[in-house]
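# Overview (structure and organization)
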Amino acid sequence: MMERALRAVGVVSVAVLVVQAWRGEGARAPMVVVPSRSAVQLLASLPLSSDTLAIATDTTLDARTTAWLAARRDAGAPARWGSARGIAPTAVALEPSLDPGGGVRALVAAPVASTVRLADSAGVIDSAVIRTSGASFAIATPVGAAVAGVSGTSARARAPLVRAPRSVIVLARAGWDAKFIVAALEERGWPVEARIIVRPDTAVVQGAPARFDTARVAVVVALDASAAPQAAAIGAFVRSGGGLVLGAEASGNAAFAELRAGANGVRQAPLAIAVSAASPRRALPLVPIDQLVAGAVALERRDDLVAVAARRVGAGRVLQVGFEDSWRWRMTGPDGAREAHRRWWASLVASASPDALSEATQTVRSAVSTWDAPLARMVADLGAPDPQATIPTSSGEPAGTSAWWWGVLALTALLGEWASRRLRGAP
Amino acid sequence: MSALERLARVQRELTAAVITGSVLWGASTAVALLAVVAVADRALTLPLELRSATPWLAALAAVVAATWRVRRAGPFANPRAVALWVERTEPALRYALVTRVDPAGAASADALERAIARVAFEEPARRAAWRPLLRPAAALAAGVVVLFALPAGAVARIARPAAGDIIKARRGAGDALAHVAVTVTPPAYSGIAPTTIDDASRVSALVGSAVRVVGAAVGEPVAAHADSVRVQLAEAGLKWTADVTMPVAPSVVHFVQGTHERLLLLEPRADSAPTVSLTAPARDSVLKVATGTLRLAASARDDIGLDHGAFEVVISSGEGENFRFRTLTIARAALGNARTATLGGAIRLDTLKLEPGDLLHVRAIALDRNTVGGPGLGSSETRAIRIARAGEYDSVDVDAAPPPEERKGVISERMLILLAEKLEKQRAQLAREAFVGQARVIARDQNTLRKQVGNIIFSRLSGDPVDEKEGDDDPKRANMTPEQLLAAANAATEAAGAEPLDFAGGESPVVNINRPLLEAYNAMWEAGRELGVADVKRALPHMYVALAAIQKARSAERVYLRGRPKDAVVDIARVRLSGKSDIIGPSSRLPRGNLDAAAIARLARFDVALGILGTRPAAATDSLLLLRAELLGAAPTLAAPLGDALDQLRAGKDATEALIAARRTLAGVSAHAAPLGAWGRAP
Amino acid sequence: MGARAMTRTASTFTFCTVQYESGDWDSAPLVPANVIDSVARYTSVEVNPTGVVVPLASADLLRYPLAYLTGHLPVRFSGSERDMLRSYVMRGGMLFVDDHNHDVDGVFHKSANEELTRALGAPLKALANTHALYSCFFKFPEGPPTTGHELNGWGDNLVHKNLFAHLVGDRIGVLYSSKDYSSEWGYHPDNKRFLSVDNTRFAVNLVVYALTR
């Protein structure tokens, strides 16, 4: 009985091998296994023929390789491609932080629950697990290209160039908040022009804070009601492409009603007595932003209250900040609070700033773009992936592994059957 | 001699030969290893660590070789084995010796003795025992010859390696900067022994340390600069030396020889001032009476060594505007260069002649032995010991009063002097009319002040109240000349006008006060007259006299009655913007510097160095070294990880991790991830 | 309480007198009211009607970016006072120190300078009389205004030409005066009516400078 069973197993295994061989022969096309991103040299060595070239790869091909294949296809040598393991739909884009302090934001889109690993030529920068649709990384200038890796897929982009920042105008009454906001912006490198009122007929002035010109000024910071007389000019400035950061008191002023992102709510006391490094703004009083206007976006919330909101007005942007007395963060916060306060205010202004990509950026020729979406690019250049053009590596086995196992099974079964017969003396 | 006795002699000789042979094999192995390493060092300049290990490796090799030889020689301690070995060397014995040694052959001992006696086996055995020693002896001799043939110092570099011997004294062409040895001799006061470092790219030492850089004097002459200042180099023997002193701030010494360059970063380490803690008295206190003994105790600590310590006492007496101070140093103790020490002492309070209300400020101080930048002074916190006043708890409620008459106007005699001096200085630049006009303005103010002084004098002398109006409007004195006023004053005080205007004994306080004021009045009158005719130069001496006289008068009457005034709460709404705004004007503000610019520039420099590390490692390392030199002064905390990376690079090790750490530190802000926002931008 | 009133408690200028462990830090108790009065009298800066007294070692000091320190007696800062002063200045605070002895040979001057040098790591330097401090509100073309005590020749019998300062970048972190403004401004604000020229105007410049630079 056992001998029959073993014989059956052996025969079935041999049959499977035969079927596999027959099917494989019928579907065979020139198959190239591409082990690395750049395979132009490898692919260029193949003869041009009308046979469909099957590209099996488990890595993302770079732009040059996909462009080469697209050109080859257009020249009459079609190619199809596939990946057994699948290439994660990933995109990375690098954009300047629009902040004189420099730095780059890397925006990464990747499947939910995947782990993104961001690196540059100097090494790994950071990693994050994707919760929604992607993640953004604030990093200093990357060395070489930044690479976002998601389970074997990698997207590569370079940092864009930016031009020198334009000025920021700060309008406020004399007070600690005005002093330290101006200081923070200047320490960060923003050219600041300011008008600080010390009495109704007297102000401390820096630069030309009455000339709201988008060619010269990027953002106006209106902290309080002292900016109300200029509200009309500021509105025109914003509509023509300027940025505006509205402090809580300024947004409560009727003169800025058309520009603000929402109405002022009831002022909230700080939620913490001491400024902490983890959540410093909980120790600041907050005038929450209620009734966001259509198109306004809440950028920061404290509990259920909107603390920072933004909207577009004409060609410009308006950022409304509900936090007050941010100077206390800088003065009374833990070590590093001064820098944190500086970065936060700089980022607020940068967030309202118009785009700062220089014209030089447009003419830069580089093998690496400022953004990359490998799967989308491969589909665009080579078409949808073909399940046949794959290396059977889904379980990590090399090609032909299953046939090898079938062969071993057949051999073992037949040997077992032969040994059984010999042991019992049968021929 | 019996066969056994003859065999025993052979056995002894064989043992000696085996041991000698093993020693020779061990020695020749060790010498060969030393010779090979010495030759290799001659050609390749082996690192100190390898050369230091070589003698130990040679000794180990000798032991291994000797042991191997002994084990290979066989069981020469066993007579039967020796007999067999002899039989092999002398076949004529025909196993008679082996049989004789065997207890089973005792029965035929005599026959065997006779057979053995016929064979002289000793000489062949001796030759067979000693012949194998020729090869190790020859090898040893060859090794010794090689070692002796090496140039002077080459063997010493292997046998007694030391930091600094990396420099080979030799002649000819070559790179004089390929290897340098740096010897650091700390200042004598520190008591720290000198150290030598081979091929150092950076040296950290106490400020004032002598740093000697030595290299081989080959090829072109070497030049050196430290922060653009030329460093004198000297040649001694076949080496060049450069001596620099560790500066206060980080510095880079730049050595140049033709196309060869080398940087040496000098990283000064400051001698910290001592840390002192006062343990007794433990807290501030108030003493009812200044008697008894106040015990003093303190501890001090220093990074190098303490020279001496003491307690410093400042005694302040007085109150209000009149304070006197005495400073005492007590319980001075030599601390003998100890790193930690305790100070003790006591103050006998009754010897200090303390008055009620006096304050003792006590602190401990300690000085180190720094002879380079001057002794570092460390001081403890200060304790205040106050002697209580008798009526300490009495209080006087004094309502705030307007300023006294003498202080009512801001324009005082000193101010007038300042104005007159300034005007006199500007005489050459001013037109005559302008000069005269300004002089007359000062003259008018001088006269006003004179009249105020006159009012004070008159009111004090006559007892009449001071008239708030201008003095000349007072009918009583409207027509009085100064002389008449002075005479009236003298009459009132019943003092002789000819007496010197000084504080004569026995005069009443009123006279003491008013005499200087009268003199001031006179001097002001003269000054006003000279100013009126625009002769400022002649007016000034009178003004100085007037000022001195006023001061004398004010010193005489300086009496203060102080109490704690009531807290004043300002009625903001009432006073808001009620002040005169005549000299208020808009002001301009100058922008503040970009604090992050330097950090950004540093990061860019680091990235450039990183970019060329693969193709031009030496240049990249030098760039990083210069960056570290800058960071040591500007941001020492950022310099540390860069130093680690440099050490790794200089040692030829993988510096990737250290460079990543350095870059993250330089970038300042660690990367952080956040979800993609709806606005698409920060925050 | 309205929003405006709440704002005043948080961001309004409050005159702060520094209390230090040694010496007579409270030797000029009328100065705060006088300065507050002048700030209200000449500017529209929101100001609290009373000042506060804050220990130098207390983190509360950081809530008052302009602070005033005076005294006659030796100044010896404790370690925590020194650390706080350093942090205060680096974060953006400005400390105004006035020698109530108006005497450069006095113990306050010597000990305060020694302590400030130790805390700040560098000695104070003379502040140019063209500095913005002297023109940011009232104009003082000659530099710091002279005080009655200087003109009277008390103390060291000198008219001090300059104030001294520790600069953080180009900002004044510590301003030191030997001119004895503590005596000059040490009277009840109601008595300003007796003065032909208000001698506290320079105090307004101090406040405006601190609030705008």
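Residues numbered from 1 in each chain as written. Chains lettered and ligands numbered in written order. Predicted model: local features only at pLDDT ≥ 70, side-chain atom pairs only at ≥ 80, totals over all residues. Heavy atoms only, no water.

### Re the interface of chain B and chain C
Contact residues are listed per partner, giving 54 residues for chain B and 64 residues for chain C. Taking both sides of the interface into account, the surface hidden between chain B and chain C amounts to around 4900 Å²; carbon and sulfur atoms contribute 54%. Remark: the boundary between chain B and chain C carries four salt bridges. Residue E312(B) pairs with R76(C) through a salt bridge whose shortest N-O separation is 3.5 Å. Remark: the boundary between chain B and chain C carries 15 residue pairs in polar contact (both at pLDDT 80 or more). Residue assignment for the side of chain B that touches chain C shows that the elements contributing at least two residues are strand 14 (306-319), strand 15 (322-334), strand 17 (359-368), helix 9 (413-425), helix 13 (536-556), helix 14 (572-575) and strand 20 (587-588) of chain B. With four residues, the single largest contributor to the side of chain B that touches chain C is helix 9 of chain B. The residue inventory of the side of chain B that touches chain C, partitioned by class, reads 24 nonpolar, twelve polar and 18 charged. (Contact = heavy atoms within 4.5 Å. Buried area = accessible area lost by both parts, 1.4 Å probe. Salt bridge = Lys/Arg side-chain N within 4 Å of Asp/Glu carboxyl O. Polar contact = N/O pair within 3.5 Å; in protein donor to acceptor, adjacent residues only side chain to side chain. Helix = DSSP H or I, 4+ residues; strand = E, 2+ residues; numbered from the N terminus. Nonpolar A, V, L, I, M, F, W, Y, C, P; charged D, E, K, R; others polar.)

### Considering the sheet that holds strand 4 (residues 210-216) of chain B
All names here are of chain B. Read from one edge to the other, the open sheet built from five strands follows the order 2-1-4-8-7, with strand pairing classed as antiparallel. Both edges of this open sheet fall to strand 2 (195-198) and strand 7 (233-236), since each of them pairs with a single strand only. Neighbour-to-neighbour, the strand axes of the sheet open up by a mean angle of 25°, direction not taken into account. Pairing of strand 7 with strand 8 (residues 239-245) involves four bridges; the strand directions are antiparallel. When the sheet's bridge partners are listed, A234 is paired in strand 8 with T241. (Pairing = 2+ DSSP bridges. Axes fitted to C-alpha atoms, helices over the stretch in contact; angles between N-to-C directions.)

### A short note on the interface of chain C and chain A
Where the parts come together, the accessible area they lose is often given as the size of the interface. With 28 residues of chain C at the contact, the number on the chain A side is 24 residues. Summed over both sides, the interface of chain C with chain A buries roughly 2400 Å², with 57% coming from carbon and sulfur. On the chain C side of the contact with chain A, P65(C), R91(C) and L211(C) bury the most area, a combined 27% of that side's loss. Inspection of the region where chain C meets chain A yields zero salt bridges. Counting every contact that joins chain C to chain A gives nine residue pairs in polar contact (both at pLDDT 80 or more). When contributions to the side of chain C that touches chain A are tallied by element, the ones reaching two or more residues are helix 1 (3-11), helix 3 (79-91) and helix 7 (201-212) of chain C. Among the elements that line the side of chain C that touches chain A, the one with the most residues is helix 1 of chain C, at six residues. Among the residues making up the side of chain C that touches chain A, the classes are represented as 16 nonpolar, eight polar and four charged.

### Here's the deal with the sheet that holds strand 10 (residues 153-157) of chain A
All names here are of chain A. As summarised here, the arrangement of the four strands in space is 7-6-9-10, forming an open sheet in which the pairing is antiparallel. Only two strands of the sheet have a single neighbouring strand rather than two, namely strand 7 (123-129) and strand 10. Geometrically, the sheet is characterised by an average inter-axis angle of 20° between neighbouring strands, direction not taken into account. Note: strand 6 (residues 115-120) against strand 9 (residues 146-150), four bridges, orientation antiparallel. Each bridged residue has a counterpart across the sheet, and for V116 the counterpart in strand 9 is V150.

### Here we look at the packing of aromatic side chains
According to the stated counting rule, one finds 20 aromatic pairs over all chains in the structure shown. Here the aromatic rings of F180(A) and W327(A) are separated by 6.3 Å at their centres, their planes lie at 15°, and the arrangement is stacked. With F180(A) in helix 4 (residues 176-188) and W327(A) in helix 7 (residues 327-332), the pair connects residues that are 147 residues apart, well separated along the chain. Cluster of aromatic residues (ring-pair linked, three or more members): F15(C), Y68(C), F96(C), Y134(C), F140(C), Y181(C), W185(C) and F202(C). (Phe/Tyr/Trp six-rings, centres within 6.5 Å; stacked < 30°, edge-to-face > 60°.)

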